[in-house]
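Fold and contact review
Below, each chain spelled out in residue letters.
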There are 2 protein chains.
Amino acid sequence: MAQKPSIPKGTRDFGPAEMAGRNYIFDTVKTVFRKYGYAPIETPSMENLSTLLGKYGDEGDKLLFKILNSGDAFGGIAPGELANSPSLSLKVCEKGLRYDLTVPFARFVVQHQNELAFPFKRYQIQPVWRADRPQKGRYREFYQCDVDVIGSTSMLNELELVQIVDEVFGKFGINVCLKINNRKILAGLAEAVGHSDKLVDITVAIDKIDKIGIEAVKEELSSKGIDKDAIDRIEPVLAMKGSDAEKLALMRSILAESEIGLKGIDELSELFEMISAAGVSCGVEIDLSLARGLNYYTGAIFEVKALDFEIGSICGGGRYDDLTGIFGLAGMSGVGISFGADRIYDVLKGLGKFPDEAVSGTEVLFANMGRKESVYLIPAAAALRKCGMNVEIYPEKTKLKKQFDYADRKSVKYLVIAGEDEMNSGTLNIKELSSGEQSVVKINDIVSFFSKKN
Amino acid sequence: MAQKPSIPKGTRDFGPAEMAGRNYIFDTVKTVFRKYGYAPIETPSMENLSTLLGKYGDEGDKLLFKILNSGDAFGGIAPGELANSPSLSLKVCEKGLRYDLTVPFARFVVQHQNELAFPFKRYQIQPVWRADRPQKGRYREFYQCDVDVIGSTSMLNELELVQIVDEVFGKFGINVCLKINNRKILAGLAEAVGHSDKLVDITVAIDKIDKIGIEAVKEELSSKGIDKDAIDRIEPVLAMKGSDAEKLALMRSILAESEIGLKGIDELSELFEMISAAGVSCGVEIDLSLARGLNYYTGAIFEVKALDFEIGSICGGGRYDDLTGIFGLAGMSGVGISFGADRIYDVLKGLGKFPDEAVSGTEVLFANMGRKESVYLIPAAAALRKCGMNVEIYPEKTKLKKQFDYADRKSVKYLVIAGEDEMNSGTLNIKELSSGEQSVVKINDIVSFFSKKN
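Residues numbered from 1 in each chain as written. Chains lettered and ligands numbered in written order. Predicted model: local features only at pLDDT ≥ 70, side-chain atom pairs only at ≥ 80, totals over all residues. Heavy atoms only, no water.

1. Regarding helix H8 (residues 183-192) of chain A
Residue and element names in this part refer to chain A. The condition is simple: Type-normalised accessible area, obtained with a 1.4 Å probe on protein chains alone, sets the label of each residue: buried when under 20%, exposed when over 50%, and partly exposed for intermediate values. In this description a helix means any DSSP run of H or I spanning at least four residues, a strand means any run of E spanning at least two, and both kinds are numbered starting from the N terminus. Only heavy atoms matter for contacts: two residues are in contact if any of them lie within 4.5 Å across the pair. Between N or O atoms, a polar contact is any pair within 3.5 Å; within protein, one atom must be a potential hydrogen donor and the other a potential acceptor, and residues adjacent in sequence are included only when both atoms are from side chains.
With eight of its 10 residues buried, H8 lies for the most part within the structure. For H8, the complete set of buried residues consists of Arg183, Lys184, Ile185, Leu186, Ala187, Gly188, Leu189 and Ala190. Along its buried surface, H8 packs onto strand S7 (176-182), helix H9 (199-207), helix H11 (228-238), helix H12 (244-254), helix H13 (259-278) and strand S9 (297-306). Here H8 starts with a cap whose side-chain oxygen sits 2.8 Å from the backbone nitrogen of Lys184, and that cap is Asn182.

Structure below.
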């Protein structure tokens with residue numbers, strides 16, 4: 001019996017139109033990544049659960065999709081047996097689907113450390129899976145697009161990521177502002193207000209400022225046991241206005257007693273000096289209220305906002321000093337950013353910034369007037385393809401109306417028609433669909449006809 | 001405690017070198033697919049089990065990787081409960097990982113039939129998963145690379161696939177032979193020898209001829225209840241020599257009484273007429289012993305062999321008349337082929353056919369002589385990238401030896417060095433690493449230096 005087909009909640013099919021847009025995004029970022037010496041890697045969709053568990057907090061552990069060991073529903077173990085021996089359950093699931101690209105990257109670097117050239121610069125564009133409750137804009141399967149360098153503490157790496165952001169969004173034609181902060185400044189601030197032990201709480205609270213506002217952040221800080229005096233000293237920092245140089249100068253005085261705070265300011269100053277040597281086009285500014293949620297960041301942190309479209313951050317990242325320690329390789333500092341492909345897609349679509357090439361596929365469609373006529377057209381189609389053109393012969397002899405519709409749906413540029421008359425005179429009738437302009441061309445001249453057009 | 005990192009059996013990490021080769025393969029086939037009007041789609045990694053089960057036979061069902069519904073080990077159901085109510089087990093697993101791209105494609109076409117332009121031409125390059133016993137060359141996660149057109153019975157579609165095969169392997173520089181047969185001829189043969197009911201048995205047996213030889217095929221046919229007389233009439237067909245025209249003529253006489261057999265011969269004749277109009281470079285021949293295992297084929301069948309490298313078939317496919325019927329859409333004929341990316345990789349590597357571009361990434365490495373020197377280099381690196389070159393500044397100030405090693409491991413072409421002297425004179429020292437040739441160039445002339453080189 002026929003089933004009504006559907007796909008699991010929170011997953012998506014991508015048809016040709018969406019794929020064209022998505023490929024445009026991925027191809028663009030890949031081209032830029034390669035210009036800065038980043039090379040692609042791919043890791044398996046499934047990792048051992050021992051690799052994944054405990055890396056994303058309790059909440060994350062619950063969101064891992066787990067895979068049964070074998071084809072049998074319970075790995076060949078009868079449910080009855082399972083009940084009698086709960087320890088057997090470990091044998092049922094040993095693998096889970098990748099939750100992000102960061103932990104697999106750390107695992108990859110440690111596992112292959114002897115084969116890699118360090119500093120190791122990689123990009124990785126693959127889907128990840130989360131057993132989250134699906135809702136608008138939140139999927140159970142989605143692509144991440146990460147670029148990281150590991151094994152170098154130099155601020156030149158941060159500069160490169162800034163240049164990559166600038167170049168990527170420049171190519172997209174999206175106006176953005178890149179906000180930068182440094183976790184060491186936040187650590188210095190916690191120290192300066194007498195709450196070094198509460199750095200995570202402070203970071204988590206500040207991270208919400210865009211969503212919940214300053215008053216709610218203050219309440220959260222207070223609920224975490226941070227006294228009013230400390231909060232009063234944190235607040236003006238978060239609201240600090242002025243040029244980057246002014247902000248740095250003011251912070252330098254506030255953090256004068258904090259070694260780590262001053263280190264953060266030095267790092268930020270060095271980065272901005274390099275940015276000005278490189279010359280970037282997008283807006284870049286220090287945002288001392290930028291915190292980013294993830295706990296493993298220890299230095300520079302980044303976030304990119306689109307200026308002309310209302311949406312959350314479309315790119316973000318930062319420096320981490322010990323991502324690989326958990327897999328037994330200590331002292332590898334790295335820095336990376338992640339591009340939000342789904343949001344960038346929405347921005348490009350919302351602003352109408354997808355280029356035509358990302359939309360159309362087939363350039364020339366040869367209409368089908370019958371079998372004899374098709375055979376007449378085959379060499380002409382082959383000749384155009386040899387020049388790199390995207391060409392189709394409509395496979396069925398049907399009404400021309402239907403063939404025109406097909407051309408229209410595939411955004412074809414030229415329709416070529418050859419019936420009895422054209423065959424007898426060795427010609428083709430070429431119609432440019434946008435203008436309606438028609439040309440009659442010798443079949444042997446078709447390549448030169450189109451090479452003049454392009 | 002540090003874990004020794006590893007990945008699940010039968011899965012693979014792909015580092016930069018393998019990725020470069022794999023991307024070369026995928027980019028090449030995609031470019032060719034697009035030239036024939038095929039557009040990409042992607043489907044979710046997980047499908048509902050109801051979509052997958054029963055589509056691959058009992059053996060296939062066992063090889064499906066099943067996914068637990070939620071983050072809890074048993075979908076929030078205690079193992080004890082499971083034992084008491086086996087029907088609950090259905091609630092534990094509702095999803096499985098994609099086993100191939102064909103069933104998801106059929107599901108996609110039926111689900112989106114109102115949005116698609118028919119004939120619908122799609123390619124799809126995504127991983128699939130099988131809980132098979134891992135062994136050399138057999139993985140639990142591997143990419144398939146399928147190209148299909150659905151909604152047209154025209155032989156022009158078969159021609160296109162032949163042209164695609166020819167063009168793809170031409171671009172790869174792999175000499176191949178494309179073998180073609182037609183399932184209707186096999187059906188006619190079964191009819192002609194009085195065993196129409198045994199078509200599947202005959203097909204499955206013949207499909208093994210390359211692996212087990214003609215005598216073993218005859219034994220298998222006999223064991224399936226096909227009488228000696230019938231086998232004696234099948235054998236010469238499988239061993240038939242001569243030109244394609246001679247084979248067709250001989251088959252036409254053997255199948256003179258079989259309507260379906262003659263239809264198969266007509267289809268094959270029409271296809272070869274078109275192939276000769278199109279002009280292809282690779283070897284194309286009729287192979288009446290070609291059967292292909294899959295049961296859903298009903299017309300033309302294809303298989304591609306590399307001529308200069310010992311390996312199984314590297315590409316194959318055929319026409320099917322009712323792929324979507326199981327999802328409620330009858331009468332959609334289609335034809336498609338699948339490229340074996342892993343085997344093509346082995347052939348390209350074995351024959352040394354990967355082009356240089358598929359190997360090298362970074363063209364120019366700027367050595368790092370210190371912070372001041374790096375800042376001096378930043379605008380030069382940015383200028384080269386603006387021209388589309390792939391450029392790195394080595395991020396750390398270390399021994400030059402180490403930086404040369406890094407350049408070597410990344411197959412860098414030029415190393416650029418600037419120390420105190422170069423900074424004072426506004427120059428750069430450029431070393432071509434393959435020849436050792438050195439040039440001193442004004443820093444402002446670096447773009448024109450490299451544009452003359454390329």
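There's more to say after this.
2. Digging into the sheet that holds strand S12 (residues 364-366) of chain A
To summarise the sheet geometry, strands pair through backbone hydrogen bonds and adopt either a parallel or an antiparallel arrangement. All names here are of chain A. The line we're drawing: Being paired, for any two strands, means DSSP has found at least two bridges between them. Fitted lines through C-alpha atoms serve as axes, helices being fitted only where they are in contact, and the angles separating the N-to-C directions of these axes extend from 0 to 180 degrees.
Across the sheet, which stays open at both edges, the five strands sit in the order S13-S12-S14-S15-S16 with mixed pairing between neighbours. Two strands close off the open sheet at either side, each with one partner strand: strand S13 (391-393) and strand S16 (438-442). The average angle at which neighbouring strand axes cross in this sheet is 25°, direction not considered.

3. Let's talk about the relation of the copies chain A and chain B
Put simply, the two copies of the chain differ by a rotation about an axis and a shift along that axis. Spelled out, the test is: Superposition of the copies was done by least squares, using only C-alpha atoms of residues whose pLDDT is at least 70 in both.
When chain A is fitted onto chain B, the two copies agree to an RMSD of 0.1 Å after a turn of 180° and an axial shift of 0.0 Å. Seen this way, the second copy is the image of the first under a two-fold rotation axis. Using C-alpha coordinates, one finds that chain A approaches the rotation axis most closely at Ile67 of chain A, a distance of 2.3 Å. Taken together, the interface assignments show that 100% of the residues at the interface of chain A recur at the interface of chain B, consistent with an identical surface on both copies.

4. Things to note about the nonpolar core
Put simply, the rule reads: The nonpolar core is taken to be a set of buried Ala, Val, Leu, Ile, Met, Phe, Trp, Tyr and Cys residues, with the residues joined through side-chain atoms within 4.5 Å.
In this structure, Phe366 and Leu428 of chain A together with Phe169, Phe172, Ile180, Phe302 and Phe339 of chain B are the most contacted members of the largest nonpolar core, which totals 153 residues. Excluding its chain neighbours within four sequence positions, the residues that come into contact with Leu428 of chain A are Tyr376, Leu377, Ala380, Val416, Ile417, Ala418, Glu422, Ser439, Val440, Val441, Ile443 and Ile446 of chain A. Within the second largest apolar cluster, 100 residues are counted, among which are Val149, Val217 and Ala300 of chain A together with Tyr376 of chain B.

5. Some words on the interface of chain A and chain B
Applicable threshold: The term salt bridge refers to a pairing of a side-chain nitrogen on Lys or Arg with a carboxyl oxygen on Asp or Glu at a separation within 4 Å.
In this assembly, 109 residues from chain A lie in contact with 111 residues from chain B. Across the pair Arg371 of chain A and Glu270 of chain B runs a salt bridge whose closest N-O atoms are separated by 3.4 Å.

6. As for the confidence of the model for chain A
Residues and elements named next belong to chain A. This is how the line gets drawn: Residue-level confidence of the predictor is summarised by pLDDT, bounded by 0 at the bottom and 100 at the top.
The share of residues in chain A with pLDDT of 70 or more is 94%, and the mean pLDDT across the chain is 92. Taken as a whole, residues 82-89 scores under 50 in pLDDT and shows 13 contacts with residues more than four places along the chain or in a different chain. Confidence metrics for the complex model read pTM 0.92 and ipTM 0.92.

7. A word on the side chain of Arg98 of chain B
Residues and elements named next belong to chain B. The topology assignment puts Arg98 in the loop between strand S4 (93-97) and helix H6 (102-111). Within the structure, Arg98 has its side chain in polar contact with the side chain of Gln126 (distance 3.4 Å). Those residues within four positions of Arg98 in sequence are excluded, and the remaining contacts are Thr43, Pro44, Ser45, Pro104, Gln126, Pro127, Val128 and Trp129.

8. Some words on the environment of Phe354 of chain A
Residues and elements named next belong to chain A. Among the secondary structure elements, Phe354 is positioned in the loop between helix H14 (341-350) and S12. Take Phe354: its relative accessible area is 18%, and that puts it in the buried class. Residues Phe354 and Lys184, spaced 170 residues apart in sequence, show a C-alpha to C-alpha distance of 39 Å. In contact with Phe354, not counting residues within four places along its chain, are Gly21, Tyr24, Ile25, Tyr345, Leu348 and Lys349.

9. Section: the pairing of strand S6 (residues 141-150) of chain B
All names here are of chain B. Across the 10 residues that make up S6, a large majority, 10, are buried. Residues Glu141, Tyr143, Cys145, Val147 and Val149 line one face of S6 and the alternating positions Phe142, Gln144, Asp146, Asp148 and Ile150 line the opposite face, and both faces are buried. When S6 meets strand S11 (residues 334-339), the two strands line up antiparallel, connected through six bridges. Looking at S11, one finds that Val147 is bridged to Ile337.

10. Notes on the pattern of salt bridges
With the rule as written, the count across this model stands at 52 salt bridges over all chains. A salt bridge links Asp132 of chain B to Arg138 of chain B, with the shortest nitrogen-to-oxygen separation between them at 3.5 Å. Residue Arg138 of chain B is classed as partly exposed on the basis of its relative accessible area of 35%. One salt-bridge network, held together by shared partners, links Lys121 and Glu160 of chain A together with Arg385, Glu392 and Lys410 of chain B.

11. So, the environment of Asn157 of chain B
As for its placement among the helices and strands, Asn157 of chain B is situated in helix H7 (residues 155-172). In this view, Asn157 of chain B contacts Pro395 of chain A together with Val149, Ser152, Arg319 and Val335 of chain B; residues no more than four positions away in its chain are not counted. Side-chain polar atoms of Asn157 of chain B contact the backbone oxygen of Ser154 of chain B, separated by 2.8 Å.

12. Observations regarding the packing of aromatic side chains
All names here are of chain A. The test is simple: Aromatic pairs are defined between Phe, Tyr and Trp rings, using the six-membered ring for Trp, whenever the two ring centres lie within 6.5 Å; interplanar angles under 30 degrees are classed as stacked, those over 60 as edge-to-face, and all others as tilted.
Following the criterion strictly, the structure yields 32 aromatic pairs over all chains and no others. Ring centres of Tyr24 and Phe354 lie 5.9 Å apart, and the angle between their planes is 70°; on these two criteria the pair is classed as edge-to-face. Of this pair, Tyr24 sits in helix H1 (residues 16-35) while Phe354 sits in the loop between H14 and S12, placing them 330 residues apart in sequence. Taking the relative accessible area as the measure of exposure, Tyr24 reaches 18% and is therefore buried.

13. A closer look at the sheet that holds strand S13 (residues 391-393) of chain B
Residue and element names in this part refer to chain B. Taken in spatial order, the five strands of this open sheet run S13-S12-S14-S15-S16, and their pairing is mixed. Looking at which strands have only one partner, the edges of the open sheet turn out to be S13 and strand S16 (438-442). Between one strand axis and the next, the sheet turns through 25° on average, direction left out of account. Relative to strand S14 (residues 414-417), strand S12 (residues 364-366) runs parallel, the two sharing three bridges. Of the residues in S14, the one forming a bridge with Leu365 is Leu415.

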